[in-house]
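Letter by letter, the chains look like this.
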Amino acid sequence: VQLQASGGGLVQVGGSLRLSCAASGSITSISRMAWYRQAPGMQREFVALIAPGGLRNYADSVKGRFTISRDNAKNTVYLQMNSLKSEDTAVYYCNANILYDSRWSSNWGQGTLVTVSS
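Now for a quick tour of the structure. (Residues numbered from 1 in each chain as written. Predicted model: local features only at pLDDT ≥ 70, side-chain atom pairs only at ≥ 80, totals over all residues. Heavy atoms only, no water.)

Thoughts on the state of the cysteines
The condition that has to hold: Any two cysteine sulfur atoms lying within 2.5 Å of each other are counted as a disulfide. Each helix corresponds to a stretch of at least 4 residues labelled H or I by DSSP, and each strand to a stretch of at least 2 residues labelled E; elements are numbered beginning at the N terminus. Burial classes: relative accessible area under 20% of the type maximum marks a residue as buried, over 50% as exposed, and values in between as partly exposed (1.4 Å probe, protein chains only).
Using the criterion set out here, one finds one disulfide in the structure. Here Cys21 connects covalently by a disulfide to Cys94, the sulfurs 2.0 Å from one another. Linking Cys21 and Cys94, the disulfide has an S-S dihedral of approximately 50° and is accordingly described as right-handed. Linking Cys21 in strand β3 (residues 17-24) with Cys94 in strand β9 (residues 90-100), this pair joins segments that are 73 residues apart in sequence. With relative accessibility at 0%, the residue Cys21 sits in the buried group.

In structure tokens:
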């Protein structure tokens, strides 16, 4: 099983980006999908999660600006980021709880860099 994240890049303050993360492999089911981020010199922090039924939760720092969504048919999670701030600069990682080979495991993508310039 692999998680492949994409969509990062350089954007100006106030701009938008959309991240994608697709899971592939012998997947039976996926439960929660989430995004985390890690800024230089900082610990990895929670950004947003979405449950299979669509229930969402966000970090206070991104509420009202970021939207997480998922396409269950494509095993893909998205993060729409609007009104970006310089403090959103970080490597963004996707995470998903995946059922394969009859067991659940937490899986991480490789990370995609988002740089917000002023």
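There is more to say after this.
Quick notes on the sheet that holds strand β7 (residues 66-71)
The cut-off we apply is this: Two strands pair under a simple rule: DSSP has to find at least two bridges between them. Between N-to-C directions, angles span 0 to 180 degrees; the directions come from axes that are lines fitted to C-alpha atoms, helices contributing only their stretch in contact.
The antiparallel open sheet is built from four strands, whose spatial order is β1-β3-β8-β7. Sheet topology places β1 (2-6) and β7 at the edges, where each strand pairs with a single neighbour. Across the sheet, the mean angle separating the axes of adjacent strands is 15° when strand polarity is ignored. Sheet analysis places β3 next to strand β8 (residues 76-81), joined by six bridges and oriented antiparallel. In the strand pairing of β8, Ala22 is matched with Thr76.

Geometric descriptors of this kind do not, in isolation, establish any biological role.
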